Amino acid sequence: MPHSTQLDSGRIATCTPESEAGVLVVRRHHLLVRCTHWLSVPILLGLILSGLSIYWASPVYKHKPDPLTGNFDPLADVGIWICAHVPGLHQYNSPPDWVYNHLSLGPGMLAVALRLHWLCAYLFMLNGLVFVIGLAMGGGWRSLLPRRTDLREALKMFCYYAGLPLAKLTRRTWLHPRFNTKYNALQRLAYFSVPVAGILSVFTGWAIHKPMQLYWLTAIFGGYDKARIWHFWLMWFFILFVVPHVILVLADGWDTLRSMIVGWSTRAERSEDFWQ
Amino acid sequence: MNLEDEHSAPKADNTSSTESVSPPKAASFFEERPPQVMEVAPQLLRYWTRRDLLLFGMGAIAAVAGGGSLLPQTTLERLGIIHGNKNWTKKEWLLNRALHIDDDVAEALYSRNRLVPTYTKSQITSLKNNYNGATPDPSYIPEWRLKLDGLASGLSVSLNIRNLLASFRVHEQITRLVCVEGWSAIAWWSGLRFDDLLHAYPPVSQAKWARIESSVNLGSWGNPDPYFVSLDLATARHPQTLLATHLNGKPLTVEHGAPVRLLVPVKLGLKNIKAITRITYTKDEPADYWAKRGYSRYDGI
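Residues numbered from 1 in each chain as written. Chains lettered and ligands numbered in written order. Predicted model: local features only at pLDDT ≥ 70, side-chain atom pairs only at ≥ 80, totals over all residues.

### Here's the deal with the domain arrangement of chain A
Residue and element names in this part refer to chain A.
Moving on, step 1. Taken as a whole, chain A is organised into domain 1 (24-115) and domain 2 (141-276).
Moving on, step 2. Averaged C-alpha coordinates put domain 1 and domain 2 at centres separated by 22 Å.
Moving on, step 3. Listed as interface residues are 14 residues of domain 1 and, on the opposing side, 15 residues of domain 2.
Moving on, step 4. Counting only elements with at least two residues in the side of domain 1 that touches domain 2, the list comes to strand S1 (23-27) and helix H2 (31-57).
Moving on, step 5. Per-element accounting of the side of domain 1 that touches domain 2 gives the leading share, seven residues, to H2.
Moving on, step 6. For the side of domain 1 that touches domain 2, the residue count by class is eight nonpolar, three polar and three charged. (Domains from an automatic or database assignment. Contact = placed C-beta atoms within 7 Å. Helix = DSSP H or I, 4+ residues; strand = E, 2+ residues; numbered from the N terminus. Nonpolar A, V, L, I, M, F, W, Y, C, P; charged D, E, K, R; others polar.)

### Points about the pairing of S1(A)
Moving on, step 1. As paired elements, S1(A) and strand S1 (residues 37-40) of chain B share four bridges and run antiparallel to each other. By the bridge assignment, A:Val23 is partnered in S1(B) with B:Val40. (Pairing = 2+ DSSP bridges.)

### Some details on the sheet that holds strand S11 (residues 278-282) of chain B
Residues and elements named next belong to chain B.
Moving on, step 1. Across the sheet, five strands lie side by side as S3-S2-S11-S6-S7; this open sheet has mixed pairing. Two strands lie at the open edges of the sheet, namely strand S3 (157-159) and strand S7 (227-232), each paired on one side alone. Across this sheet, the average inter-strand angle for adjacent strands is 20°, counted without regard to direction.
Moving on, step 2. Inspection of the sheet shows strand S2 (residues 146-149) paired to S11 by three bridges, in the parallel sense. In the sheet register, Leu148 faces S11, and the bridge partner there is Ile279. (Axes fitted to C-alpha atoms, helices over the stretch in contact; angles between N-to-C directions.)

### Points about the confidence of the model for chain B
Residue and element names in this part refer to chain B.
Moving on, step 1. Of all residues in chain B, 89% attain a pLDDT of 70 or more, and the chain-wide mean is 88.
Moving on, step 2. Counted against residues more than four places away or in other chains, residues 1-20, with its pLDDT under 50, gives 38 contacts.
Moving on, step 3. Interface confidence for the predicted complex, given as ipTM, is 0.86, next to a pTM of 0.87. (pLDDT = per-residue confidence, 0-100.)

Right, dumping it as C-alpha cells:
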C-alpha cells in the first residue's frame, strides 16, 4: 500500500466526527473493470455499425430474388416493410437501404467500414484484455463463475422479472428472490456469457479474416461460411444482452449505475447475508 | 488518480471496517469472497461521487466526440451532424494506421510453407464473374501477349499462351477464393506456378514486388480502365500461387480472365487479377487499384 493510503484513512478519521455516522459502502468493481466496461460501449457500437456495412456487401442470409425488385436480402425486406408501414416514411427514397442507413455506416461503404472495423476490433481485443486483468486484480472473476444451482435460480429470477410489471400494476406484493452473492444467478449467467461471447467474437472474427493462414481456426467453427454466421449471431448476442441490461440497471436504481462509475455501492446490507 | 488505493484504504485500516466475520470454512480458490465492507464519512462519499462523475462525464464527452468524428463523412452528413466537407485529416491517419497494423499482422502470419486447404471435386461451387465494370470484348485474345519487365537480364520479354503452356509444368489445385465482400467460391484451377516463371525469367536482384496489370479491363460504363495490383514476391513464390489458364478443366472464359489470370488463394479475390497483360518487377511497392480506393494494400488472408 502506498503512503497515500495512510493519508486517506487519516482523512476519513478526521472528517468523521462522533456525531455524524459513517455510511457503509461495499466495493463492487475494480477501476480497470469500470473503465473497460464503459469503453466497450463506443467500441461495440463502432463494430456493429461498420460490421453491418460489411454484411451489406454480401449478406449471409439470402432468399430467392424478388421477381419485381431482384432483392434477395431479408434486411432489405425489413427496410421495405418499415417504409411501407411506418407513418412519415412513405416518401423514403431508398427503402431497401433503410436498415443499413440507420443501423450501419450506410450501404456502399465497404472500404471505410473495413478500416473502422479493424480499428475497433484491435481496440476491442485490447479492451477485453484489460477487462480480464481488472477482473483478476479485483478478484471479481469469482463472482462471475457459474454455480451448480444457477440454472434453477436463474429461472426463479426470470419469473420474478417477467411477473414484476403485472404485480406492480395489480399492486400485489412480489418478493425478490433472496440471494447472498454479489450477483443473482441470472445476472451471473449473463455477465459470465458476455466475456465468453467476446472471446468467441474475436476468434470467429479471425477465422473469417484469415481463413487461409488460420484455416484450423476457421475449421473449428465449421468452415468459412459457418464462421461468418457465428460472427453475425454473436453481434446479435451483444445487442440482445444490452437491451435488458440497460433496462434492468435503470430499474434497479442510481446506486447500481453509480457503482459502475465510482466502484462502490451503499447497498452493504445485501452482503450482511453473505455467510448465512 | 489513484481511486483503487483510496477505496481500499479502509480495508487496510481495520478500525474502520465493520466486524469482519471470519468464514466458517476455508474458501476454495474459485469460491466467491465476502464483499469488502467499509465505513466512510458521507462527506467523503459525496466528494468521491462528484469527482468520479466529473471524470467519467469528461471521458464520455471525449469518447463521443472522438468516436463520432471517426465515422465517415457521408454517415455524419446523413445523420445531419455536419454539413459540407469537414474531413478531419487526423481521422484518415488513424484509420490508415489501423489498416497498416492489420496488414503487418497479415504479413507476419504469412508463411511460404503453409499451404491453403484444398478440396475435392464434389465440393466445387459456382464462381461468379465479379468484374467490377463490364466484361471485356474477347477480341483481345488472339493478339494477347504477356510482357515481363524489370528482369535481371535487363530485357523485356513477351510471351504468348503457347510459349507459356509449352515451357512450364501445369499444376492443378481445388482451392477457395475469398472476396473482400465476404462471399467465397471453391474452384478447380490449373496453370503454371508463378514461382516457375520467376525462376525462368528472374527479376532484378533488388526486386521485392510485382506490379501486375491488365490493360483490357473496363470501367463501369465500358470505358477502358486498366486494372493493376501489387503483389509481394514472397507471396508470388508461394507454391499455390498460379498463373491460371484453366478453370474446372476448361480454358478460362473471358468472364474469368482468359487467357491467363492470377490465382493467389492466400490473398483476397481482388488481387486475383484477370487477363494479365504485363508483369513488372520493382524494388518499391507499386500502386494498387483497390488500395487507391481505400482498401488494404497487402490483402493477405
